[in-house]
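# Observations on the model geometry
Residue-level listing of the chains:
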Amino acid sequence: MTLVTSAAADTAVPTPTPRRMLTGDRPTGRLHLGHYFGTLHNRVRLQDAGVETFLIIADYQVLTDRDVAEHLAEHVEDLVLDYLAAGIDPARTTVFTHSAVPALNQLLLPFLSLVSVAELQRNPTVKDEIAHSRQSTVSGLMFTYPAHQAADILFCKADVVPVGQDQLPHLEVTRTIARRFNDRYGRVFPEPEALLSAAPLVLGTDGTKMSKSRGNAIALSATADETAKLIRRATTDADRTITYDPDRRPGVSGLLLLAAHCLGRAPEDIAAEIGDAGAARLKALVTEAVNEHFAPLRARRAELARDRAYLHGILREGNARANEIADRTLREVRTAMGMDYGV
């Protein structure tokens, strides 16, 4: 699989120029700094460069690892707010919900026929989701997650997908499904490429991958005081001299990297500046960098949150657009599979 990479500061679209991009999130809570530096800034960059952009709010997929979709409507609205505050423009990006596009979800059945149970079971991203699931047993829906993501991506024939490193196995399943469908029934789908940010994995406050489910995330919408409190609790170590060493000092290095993203500097330079001032100085610097960098985004978000009707209107328009495209794709699939019975 070809990996298209981009630096956070880049403004040019990768070569060859993508035609259509799809990505999205499950509505399980507010987006965090890992989402922003991992994929969200790339979504905005591609949108601003003129790439046709689709953002799916995968509400059905919430059911893969949760007994009850608690506060689902609120979480959906939170995602729309985070998108808009980060720079997503609904005039140029189609924002829609999974459950509102029946034809998209119908693609799951033929797609499941193209992958084996063993291929789904050994998917490392699914394994990680299961390991951090809050359920005592694993539902059958969890194992269909990669195929469902394939339907999300291929319904609009996206040719590029901004992802984090951990999502590459899911995208490879999508590429496999597209290739097998085309080989069996005739070419209908592109094999989408991954757009990886040049930014390394953003770690949470415990020194592991930042994740809502792990309780170690700093939300984009967190207040300045909430951010300071979370960073004060972050894991460091007993060595007073601050150095950037991701393998041996993940907690310290994760904080340095977070500051580096916000300040546009190298983490090694920030470490040298702090020197032997210790973890307290490091945390103070990171807190200041994060709060200053995200202050404009947080202000925009607070203003947008006052008009919930506007958020609902964006979803209505996005759902209508997604349904038009999904219906057209499903008709193509049925024709290719010999299921067009003239009705």
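Residues numbered from 1 in each chain as written. Predicted model: local features only at pLDDT ≥ 70, side-chain atom pairs only at ≥ 80, totals over all residues. Heavy atoms only, no water.

## Details of the packing of helix H10 (residues 224-232) against helix H13 (residues 278-304)
Between H10 and H13, whose axes approach to 10 Å, the crossing angle comes to 150 degrees. Put simply, H10 runs roughly antiparallel to H13. Where H10 crosses over H13, the handedness of that crossing is right-handed. In contact with Ala224, Thr227, Ala228, Ile231 and Arg232 of H10, H13 contributes Lys283, Val286, Thr287, Val290, Asn291 and Arg298. Along the lines of polarity and charge, the residues of the contact of H10 with H13 split into five nonpolar, three polar and three charged. (Axes fitted to C-alpha atoms, helices over the stretch in contact; angles between N-to-C directions. Helix = DSSP H or I, 4+ residues; strand = E, 2+ residues; numbered from the N terminus. Parallel < 35°, antiparallel > 145°, perpendicular 65-115°, else oblique. Left-handed = near helix turned anticlockwise from the far one by under 90°. Contact = heavy atoms within 4.5 Å. Nonpolar A, V, L, I, M, F, W, Y, C, P; charged D, E, K, R; others polar.)

## Focus: the nonpolar core
Grouped together as the largest cluster of nonpolar side chains are 48 residues, with contacts concentrated most on Tyr83 and Phe294. Every element with two or more residues in this core is listed here: helix H1 (33-48), strand S3 (52-57), helix H2 (72-86), H10, helix H11 (250-263), helix H12 (267-274), H13 and helix H14 (308-336). Among the elements that take part in this core, H2 stands out by supplying eight residues, more than any other. In this structure, tyrosine 83 is in contact with Gly24, Asp25, Leu31, Leu40, Arg43, Leu55, Ile56, Ile57, Ile88 and Val95, ignoring residues within four places of it in sequence. In this structure, Phe96, Leu107, Phe155 and Val333 belong to the second largest nonpolar core, which totals 39 residues. (Core = buried A, V, L, I, M, F, W, Y, C linked by side-chain atoms within 4.5 Å. Buried < 20%, exposed > 50% of the residue type's maximum accessible area, 1.4 Å probe, protein only.)

## With respect to the environment of tyrosine 60
In this fold, tyrosine 60 is placed in the loop between S3 and H2. Judged by relative accessible area, which is 36%, tyrosine 60 ranks as partly exposed. Distance in space between the C-alpha atoms of tyrosine 60 and proline 27 is 9.2 Å, their sequence separation being 33 residues. In contact with tyrosine 60, other than residues within four places in its own chain, are His98, Ser99, Asn105 and Leu141.

## Thoughts on helix H9 (residues 168-185)
When the terminal C-alpha atoms of H9 are compared, their 26 Å separation across 18 residues agrees well with the 26 Å that a helix rising 1.5 Å per residue should span. Listed in full, the buried residues belonging to H9 are Leu168, His170, Leu171, Val173, Thr174, Arg175, Thr176, Ile177, Ala178, Phe181 and Asn182. Phi for glycine 186, located one or two positions after H9, is positive at around 105 degrees. (Expected span 1.5 Å × (residues − 1).)

## Overview of empty space enclosed by the protein
For the coordinates displayed, the defined rule picks out one cavity of 30 Å³ or more. Space inside the largest cavity adds up to approximately 60 Å³. In terms of residue class, the lining of the largest cavity is built from six nonpolar, six polar and no charged. (1 Å grid on protein atoms, 1.4 Å probe; cavity = no way out; pocket = protein on both sides within 12 Å on 5 of 7 lines; lining within 4 Å. Points joined across faces, edges and corners; volume = space filled by probe spheres on them.)

## Here we look at the pattern of salt bridges
Note on pairing: side chains with opposite charge can pair once their charged atoms come close. As enumerated under the stated definition, the model contains 19 salt bridges in all. Here glutamate 77 and arginine 308 are joined by a salt bridge, their closest N and O atoms 2.4 Å apart. Placement of the pair is glutamate 77 in helix H2 and arginine 308 in helix H14, with a sequence separation of 231 residues. Between glutamate 332 and lysine 157 there is a salt bridge whose closest N-O contact spans 2.8 Å. You can see glutamate 332 sitting in helix H14 and its partner lysine 157 sitting in the loop between helix H8 (145-154) and strand S5 (160-163), a full 175 residues away along the chain. Salt bridges sharing partners connect three or more residues here, namely Glu172, Arg175, Arg179, Glu191 and Glu193. (Salt bridge = Lys/Arg side-chain N within 4 Å of Asp/Glu carboxyl O.)

## With respect to the side chain of threonine 23
For threonine 23, the location among the structural elements is in strand S2 (residues 20-25). Leaving out residues up to four positions away in the same chain, threonine 23 has contacts with Arg43, Phe54, Leu55, Ile56 and Pro162.

## Notes on the pairing of S3
Burial analysis of S3 places five of its six residues in the buried class, the great majority of the element. The pairing of S2 with S3 spans six bridges and is parallel. Residue pairing across strands places threonine 23 opposite leucine 55, the latter belonging to S3. Taken together, S2, H1 and S3 constitute a β-α-β crossover, and its handedness is right-handed. (Pairing = 2+ DSSP bridges. Right-handed = clockwise from strand over helix to strand, strands pointing away.)

## A few points about the packing of aromatic side chains
Taken as a whole and assessed by the stated rule, the structure comprises eight aromatic pairs. Arranged with centres 5.1 Å apart and planes meeting at 90 degrees, the rings of tyrosine 36 and phenylalanine 37 form a pair that is edge-to-face. Residues tyrosine 36 and phenylalanine 37 agree in their burial class; the two are buried. Arranged with centres 4.8 Å apart and planes meeting at 50 degrees, the rings of phenylalanine 181 and tyrosine 185 form a pair that is tilted. Of the two residues, phenylalanine 181 and tyrosine 185 are both situated in helix H9; the distance of four residues between them amounts to about one turn of the helix. Note on phenylalanine 181: relative accessible area 0%, which makes it buried. Taken together through their ring pairs, the aromatic side chains of Phe111, Phe181, Tyr185 and Phe189 make up a single cluster. (Phe/Tyr/Trp six-rings, centres within 6.5 Å; stacked < 30°, edge-to-face > 60°.)

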